Amino acid sequence: MGIAGQVELESARQSIPASMLAAVYRGVNDVRLETVPVPKIGAGELLLRVHTCGVCGTDLKKIATGSHSAPRIFGHETSGTVAAVGDRVRKFQPGDRVIAFHHIPCRICYYCRHKTFAQCSTYKEVGCTAGFEPSGGGFAEYVRVMDWIVEQGTIRIPDGVSFEQACFVEPVNTCIKGIEALRLEPGETVLTIGQGPIGIILGVLGQRAGATVITSDLYPERLKIAASLGLKRTINASQRDVVRCVQEQTEGRGADAVILAVGSNALIRPALDATRPGGRVLLFAQTQHGEVVVDPAAICVDEKTLLGSYSASVGLQEESVRFVMNREMNLEKLISHRFPLRDAPQAFGLAAHPQPSSMKVVIQPGSARPGNAGKAERREGT
Ligand SMILES: [Zn+2]
Ligand SMILES: [Zn+2]
């Protein structure tokens, strides 16, 4: 093939088709593969060709509960390559490898001024879409990134960092936010209940804050991964009494702080029991409304504090980007399953019913196509 032929082939690879594959949410537990139009972009917007999009617990919850109207295309832990830019975009050009946040707050309203960004009305607007009601759009081949996200919430991936590592910026941000809410002091002891990917990230961040971290899970496979990432004090909850183990390691007091990284309300009581008087419990996975029985004297007499943290904080964006892009933690190690887009329904099924061997599940709309792997991409552990 001559040079002209190669150029032609390259431009054909780069050209944007009129339609694409997407995993479309059509109702409760109903996600279908459909062919939809590739989104059109405006002057200040860009079109992202998705490489990897993480499956998040909140996606699964929306699919399982029907909390949102249909149709929608979910997916918000998105990394990929800029495929096209609008006339007014100066910061990016086609070929740039980036991640895009799907929510960015206004920074000026009452909630933003009080740093409760997740309550800001602009923040609640979703700025990435693959069509239908904007809902992230990462579970499609292409995503339209709207102007305020291009300006404030799109970040370049450095050479040498993979799309897989980069797609963790949003979940890491939510975890840093949770750790900040706990106000850990160096030397404190933290118990992290649940060692799925999020529990492990929370544990590593707790250690980074200077705390001694104890982890527990029912699955020894998960504790092994936790240990390989530096979390060596593990408790196999299927064999041992977690509360007693923690007391034994803290002169009978209990942990200074407990993080609940499992979405089970039945674990709130043991989490409080494992906390010392005056300690804190962070609910991190309790995303469903409901009711629980709490011992009021644990809060009043024992002065234990129940805290919550949800979603990401724009104030922690730079820190979370640094943590991920500097590879302070090998996040690729948390990915157990990679699915092509055509197998998205299976990916959701597995993520919703975790197996001992399953950790982070990602969908990779762009992994099979030629020419878009990113020249500096590293794929260790795959
Ligand atoms: Zn998420
Ligand atoms: Zn605001």
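Residues numbered from 1 in each chain as written. Chains lettered and ligands numbered in written order. Predicted model: local features only at pLDDT ≥ 70, side-chain atom pairs only at ≥ 80, totals over all residues. Heavy atoms only, no water.

### Brief notes about the overall build of the protein
Here is step 1: Regarding its fold elements, the protein presents 14 helices and 16 strands.
Here is step 2: Relative to the 2.2 N^0.38 estimate, which gives 21 Å for 382 residues, the radius of gyration of the protein is 22 Å and therefore close to what a compact globule would have.
Here is step 3: With the C-alpha coordinates aligned to their principal axes, the bounding extent of the protein is approximately 75 × 45 × 40 Å.
Here is step 4: Buried residues in the protein amount to 51% of all 382 residues. (Helix = DSSP H or I, 4+ residues; strand = E, 2+ residues; numbered from the N terminus. Rg over C-alpha atoms; globule rule 2.2 N^0.38 Å. Buried < 20%, exposed > 50% of the residue type's maximum accessible area, 1.4 Å probe, protein only.)

### A closer look at the nonpolar core
Here is step 1: In this structure, Val145, Ile200, Ile201, Met325, Met329, Leu334 and Phe348 are the most contacted members of the largest nonpolar core, which totals 82 residues.
Here is step 2: Looking at this core element by element, the count peaks at 6 residues for helix α7 (residues 169-182).
Here is step 3: Each of domain 1 (14-161 + 327-363) and domain 2 (175-308) gives at least three residues to this core.
Here is step 4: Not counting the four nearest positions on each side in its chain, Ile201 is found in contact with Phe168, Val172, Cys175, Met329, Leu331 and Leu334.
Here is step 5: Val242, Val246, Ile268 and Ala274 belong to the second-largest nonpolar core, a separate cluster that totals 17 residues. (Core = buried A, V, L, I, M, F, W, Y, C linked by side-chain atoms within 4.5 Å. Domains from an automatic or database assignment. Contact = heavy atoms within 4.5 Å.)

### Considerations on the side chain of Asp256
Here is step 1: Within the secondary structure layout, Asp256 lies in strand β12 (residues 255-260).
Here is step 2: Looking at Asp256, the relative accessible area reads 13%, which means it is buried.
Here is step 3: Looking at Asp256, its side chain comes within polar contact range of the main-chain nitrogen of Thr189, at 2.7 Å.
Here is step 4: Leaving out residues up to four positions away in the same chain, Asp256 has contacts with Glu188, Thr189, Thr275, Arg276, Gly279 and Arg280. (Polar contact = N/O pair within 3.5 Å; in protein donor to acceptor, adjacent residues only side chain to side chain.)

### Overview of the packing of aromatic side chains
Here is step 1: In this structure the tally under the stated criterion is 3 aromatic pairs.
Here is step 2: Note on Tyr25 and Phe74: the rings are 5.2 Å apart at their centroids and 45° apart in plane angle, and the pair reads as tilted. Of the two residues, Tyr25 is situated in strand β1 (residues 19-27) and Phe74 in the loop between α2 (57-65) and β4 (77-85); the sequence distance between them amounts to 49 residues. Summarising the burial analysis for this pair, Tyr25 and Phe74 share the class buried.
Here is step 3: Measuring from ring centre to ring centre gives 5.1 Å for Phe139 and Phe348, while their planes differ by 70°; the resulting arrangement is edge-to-face. Of this pair, Phe139 sits in the loop between β6 (128-129) and β7 (142-145) while Phe348 is found in helix α14 (residues 344-352), placing the two residues 209 residues apart along the sequence.
Here is step 4: A relative accessible area of 7% places Phe348 in the buried class.
Here is step 5: Taking NZ or CZ as reference, Arg97 lies 4.5 Å from the ring centre of Phe163, over its face. (Phe/Tyr/Trp six-rings, centres within 6.5 Å; stacked < 30°, edge-to-face > 60°. Lys NZ or Arg CZ within 6 Å of the ring centre and 35° of its normal.)

### Some words on the pattern of salt bridges
Here is step 1: This model, assessed by the stated rule, comprises 14 salt bridges.
Here is step 2: Of the charged contacts in the structure, one is a salt bridge between Arg26 and Glu34, with a shortest N-O distance of 2.8 Å.
Here is step 3: Residue Glu34 is classed as buried on the basis of its relative accessible area of 18%.
Here is step 4: Several salt bridges converge on common partners, so that one network encompasses Glu188, Asp256, Arg276 and Arg280. (Salt bridge = Lys/Arg side-chain N within 4 Å of Asp/Glu carboxyl O.)

### Things to note about the sheet that holds strand β9 (residues 189-193)
Here is step 1: Within the open sheet, the 6 strands sit side by side as β11-β10-β9-β12-β13-β14. Their pairing is parallel. Of all strands in the sheet, those with a lone pairing partner are β11 (233-236) and β14 (305-308), marking the two edges. Across the sheet, the axes of successive neighbouring strands diverge by a mean angle of 20°, strand direction being ignored.
Here is step 2: Relative to β14, strand β13 (residues 275-283) runs parallel, the two sharing 4 bridges. Residue Arg280 lies in a different strand from β14, and its bridge partner there is Thr305. (Pairing = 2+ DSSP bridges. Axes fitted to C-alpha atoms, helices over the stretch in contact; angles between N-to-C directions.)

### Here we look at the packing of α7 against helix α8 (residues 197-208)
In a packed pair of helices, the relevant descriptors are the angle between the two axes and the axis-to-axis distance.
Here is step 1: For the pair α7 and α8, interaxial distance at closest approach is 9 Å and the crossing angle is 50°. Classified by the angle their axes make, α7 and α8 are oblique. The crossing of α7 and α8 is right-handed. Where α7 abuts α8, its residues Pro171, Val172, Cys175, Ile176 and Ile179 lie against Ile198, Ile201, Leu202, Leu205 and Gly206. (Parallel < 35°, antiparallel > 145°, perpendicular 65-115°, else oblique. Left-handed = near helix turned anticlockwise from the far one by under 90°.)

### A word on the coordination of the zinc ion (ligand 2)
Here is step 1: Protein coordination of the zinc ion (ligand 2) is provided by Cys106 (SG), Cys109 (SG), Cys112 (SG) and Cys120 (SG), with donor distances spanning 2.3 Å.
Here is step 2: Of note is the zinc ion (ligand 2), whose 4 donor atoms meet at the metal with angles of 105 to 113° in an arrangement that counts as tetrahedral.
Here is step 3: Read in sequence order, the donor residues for the zinc ion (ligand 2) give the motif C-x2-C-x2-C-x7-C.
Here is step 4: Here Cys112 falls in the buried class, since its relative accessible area comes to 5%.
Here is step 5: Under the relative-accessibility criterion, Cys120 is labelled buried at 0%. (Donors = N, O, S within 2.8 Å, 3.2 Å for Na, K, Ca; no water. Tetrahedral: all angles 85-135°; square planar, octahedral: opposite > 155°, others 65-115°.)

### Digging into the domain arrangement of the protein
Here is step 1: Under the domain assignment used here, the protein contains domain 1 (14-161 + 327-363) and domain 2 (175-308).
Here is step 2: Taken over C-alpha atoms, the centre of domain 1 sits 30 Å from the centre of domain 2.
Here is step 3: Contact residues are listed per partner, giving 15 residues for domain 1 and 16 residues for domain 2.
Here is step 4: Contact between domain 1 and domain 2 buries roughly 1300 Å² in total, counting both sides, with carbon and sulfur atoms accounting for 68%.
Here is step 5: In terms of surface lost to domain 2, no three residues of domain 1 exceed Met329, Pro356 and Met359, which account for 41% of the buried area on that side.
Here is step 6: Inspection of the region where domain 1 meets domain 2 yields 1 salt bridge.
Here is step 7: For Glu328, the salt bridge identified is with Arg208, shortest N-O distance 3.0 Å. (Buried area = accessible area lost by both parts, 1.4 Å probe.)

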